[in-house]
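Given next are the chains, with one letter for each unit.
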Amino acid sequence: MSQKVVTRFAPSPTGMLHIGGVRTALFCWLFARKHEGTFILRIEDTDLSRSTDDNIRIIEDGMAWCGLDWDEGPVPGDPQAWRGPNGPYRQMQRLESHYRPALEKLLAEGRAYRCRCSKESLDAARAEAEREGRIFQYPGTCREAGHDASQPFSVRLKMPQGGEPWLEEDCIVLRDLIKGELRFPATSLDDWILARTDGTPTYNFCVVVDDTSMSVTHVIRGDDHVANTPKQIALYQAFGFEQPTFAHVPMILGKDGAKLSKRHGATSITEYQAMGFLPSAVRLALARLSWTPKIDGKAVESAEEELLTDEQMIQLFDLADCQKSPARFDMDKLQWINQKLIQRASWQELEPHLRSFLPEAWSGKSDDWKALAIHSTQKGKSLVEMAEALRFAFERPAGFDAKAVEKFLTDAIKPALRDLCALTDYTHEALEAGFNAILEKHGLKTKDLAQALRVALCGKPVSPGIFDTLLLAGRDEVVARVERWL
RNA sequence: GGGGCUAUCGUCUAGGGGUCAGGACACCGCCCUUUCACGGCGGUAACACGGGUUCAAAUCCCGUUAGCCCUACCA
């Protein structure tokens, strides 16, 4: 197969970008990047009630934040614009240009037919079958009726009934890159609806038309679509289209093994952003769910190897190394990854991400100050923790930890604090020298003075390294905050 | 009810006839230490169950159980 790889992520605008969707998108993206192919973003907006421009914007923004750049698809912020040769990339804009002609073709060729059965009568039949414990399948009432368009109709696909040469032992066979070979008995599928009575096409129909017209070579999507695939395969047959390669990635479950939902905490990608995760950390954590990178055929064997860069992920990514079973989302691991990536990033890399968690005053600080602030807090698990640890540098403590005050801000320490206020040379070296001199003079231990200072400056006995804390607060603030205790 | 998928430490997983069943996260302990952390070292912990096949089964086969997906004129 020498043709260029094309993958696509096709979310429907529900008002948020689900973390599970992001994982699927990530796999599509990794696969496309690895094979130097094309990654398409397509919006499945046939559910009109939810498909607002705002909701589509949420998807675009979420994708962008995650660093999942698409080669073809909508242009953020402009509902009418798109880039790529096979647009539009919003389904509702493809009705007349793509779906209608495809439907006509099928009808004309007798691959599909007009069905006049009403939804009501079908529902009733289904209910009755259910009551009697039978399985309901559309009985094919209109299959050979040859109805014309003179009365309201829906359009159904003539599904194989057994004996068709492209079946294997009367089964529709799905060769899935992750799941392996799956067989679905033809008789288990009925003639499904391609277009509703109101003329709008259904999801399974649109997907096939779109994937074909967009030349998608690899359909990488969620597990929940496995059972839809044989229907789609039958449609590819009806059209005479070549099938793409399928790969169904397992679902992401919550901590308790149930489908990941709101009650597990965060499901929307924007919540992860708000919790102070780096997009790179989210990418790695998500990728490592159901995927085991293999280096020279061996799975990663150390913490060091676990921390793959994007480049390594792209290079190593292989659908063959993906799990068939669902994985539970592991927040602890995400935090660990986040912490590690924060640790190894430069302050310049971190700054743009950290900025939004800090007060306005941050932007007025010098580069040296910012670098120090970031370096001194770069052990946190999240950007939120870093920002929290830097609070003291922007505002005076709102309150003081009573126990800490009692323990550290003793009368015995006050003469030393007074001496410390006299220090004027605010460089790390000078501060350290002066600090040590004061300790010696008063016969104190580092801990005594450092903790007293922390409480006075931050309201609590926790802060970055004591010299960094002093430097970050600045002499004026140090003196001001310490003096009230003297 | 029918069709399909899945099952190794708490979690993510490696391993696919003979392994002390390996790693990572989390957890616990010790060390380091100017706080909180970081870091270093060590430890606890798993083959869902029942039958086969075999000299030998976590690995192969068949059941059972459990979970998930589909079974819409939703996507």
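Treat the numbers as computed from the prediction; the structure is a model and nothing was measured.

Would you mind going over the overall build of chain A in detail, with residue names and values included?
Assigned secondary structure in chain A consists of 20 helices and 15 strands. The globule rule puts the C-alpha radius of gyration for 486 residues at 23 Å, and the 31 Å found for chain A is more than 25% above it. Projected onto its principal axes, the C-alpha coordinates of chain A cover approximately 105 × 50 × 50 Å. Evaluated residue by residue, chain A yields a buried proportion of 50% over its 486 residues. The contacts of chain A with a sequence gap of at least 6 include a subset with a gap of at least 24, amounting to 73%. Approximately 23,000 Å² of chain A is accessible, and the part contributed by carbon and sulfur atoms is 49%.

Which residues make up the nonpolar core, and what values go with them?
Side chains of a nonpolar character, in soluble globular proteins, are inclined to be buried together. Formed by 105 residues in total, the largest nonpolar core has its most connected members in F39, M63, L286, W291, F435, L449 and L453. Per-element tally for this core: the top contributor is helix α1 (residues 19-34), with ten residues. Apart from residues lying up to four places away in sequence, F435 is in contact with L420, L423, T446, L449, A450, L453, I466 and F467. Counting 38 residues, the second largest nonpolar core, distinct from the first, contains L95, L106, I172 and V209.

Lay out the pairing of strand β4 (residues 78-83) in plain terms, naming residues and giving numbers.
Pairing geometry for strand β3 (residues 73-75) and β4, over three bridges, is antiparallel. Within the sheet, the bridge partner assigned to P74 lies in β4 and is W82. Counting the residues between successive antiparallel strands, the hairpin from β3 to β4 contains two residues, one of them, G77, with a positive phi of roughly 85°.

Describe the pairing of strand β1 (residues 6-9), naming the residues involved and giving the relevant values.
Burial of the side chains of β1 extends over both faces: V6 and R8 are buried on one face and T7 and F9 on the other. Here β1 pairs with strand β2 (residues 38-41) via four bridges, running parallel. Bridging across to β2, T7 finds its partner in F39. Viewed along the sheet, the connection from β1 through α1 into β2 turns out right-handed.

Give a description of the protein's contact with RNA strand B that names residues and reports values.
Taken together, 62 residues lie near RNA strand B, and I135, R196, T197, K340 and S463 sit nearest. Take the atoms of RNA strand B that sit within 4 Å of the protein: sugar and phosphate atoms are 74% of them. One of the side-chain N or O atoms of Q343 is found 3.3 Å from a sugar or linking oxygen in RNA strand B. For the surface near RNA strand B, the secondary-structure elements that each account for two or more residues are α4 (119-131), β8 (180-185), α5 (203-213), α9 (303-306), β15 (327-328), α11 (331-344), α18 (446-458) and α19 (466-473). Of the residues forming the surface near RNA strand B, the biggest block, six residues, is contributed by α11. Its residues placed into classes, the surface near RNA strand B shows 18 nonpolar, 21 polar and 23 charged.

So what about the pattern of salt bridges? Which residues, and what values?
Summed over the entire model, instances satisfying the criterion amount to 38 salt bridges. With a shortest N-O distance of 2.9 Å, D53 and R90 are connected by a salt bridge. Here the residue D53 occupies a position in helix α2 (residues 53-66), and R90 occupies one in the loop between β4 and α3 (95-108), the gap between them amounting to 37 residues. On the accessibility criterion, D53 (42% relative accessible area) is partly exposed.

So, the packing of helix α17 (residues 428-442) against α19: which residues are in play, and what are the values?
Packing of α17 against α19 brings their axes to within 10 Å, and their N-to-C directions diverge by 120°. Here α19 runs oblique to α17, going by the angle between their axes. Where α17 crosses over α19, the handedness of that crossing is right-handed. When α17 is examined against α19, the residues H428, L431, E432 and F435 are found in contact with a partner set consisting of I466, F467, D468, L470 and L471. For the contact of α17 with α19, the class distribution of residues is six nonpolar, one polar and two charged.

Calculation criteria
- Residues numbered from 1 in each chain as written.
- Chains lettered and ligands numbered in written order.
- Predicted model: local features only at pLDDT ≥ 70, side-chain atom pairs only at ≥ 80, totals over all residues.
- Heavy atoms only, no water.
- Helix = DSSP H or I, 4+ residues; strand = E, 2+ residues; numbered from the N terminus.
- Rg over C-alpha atoms; globule rule 2.2 N^0.38 Å.
- Buried < 20%, exposed > 50% of the residue type's maximum accessible area, 1.4 Å probe, protein only.
- Contact = heavy atoms within 4.5 Å.
- Areas by Shrake-Rupley, 256 points an atom, 1.4 Å probe, with all protein chains shown as cover.
- Core = buried A, V, L, I, M, F, W, Y, C linked by side-chain atoms within 4.5 Å.
- Pairing = 2+ DSSP bridges.
- Right-handed = clockwise from strand over helix to strand, strands pointing away.
- Near = heavy atom within 4 Å.
- Polar contact = N/O pair within 3.5 Å; in protein donor to acceptor, adjacent residues only side chain to side chain.
- Nonpolar A, V, L, I, M, F, W, Y, C, P; charged D, E, K, R; others polar.
- Salt bridge = Lys/Arg side-chain N within 4 Å of Asp/Glu carboxyl O.
- Axes fitted to C-alpha atoms, helices over the stretch in contact; angles between N-to-C directions.
- Parallel < 35°, antiparallel > 145°, perpendicular 65-115°, else oblique.
- Left-handed = near helix turned anticlockwise from the far one by under 90°.

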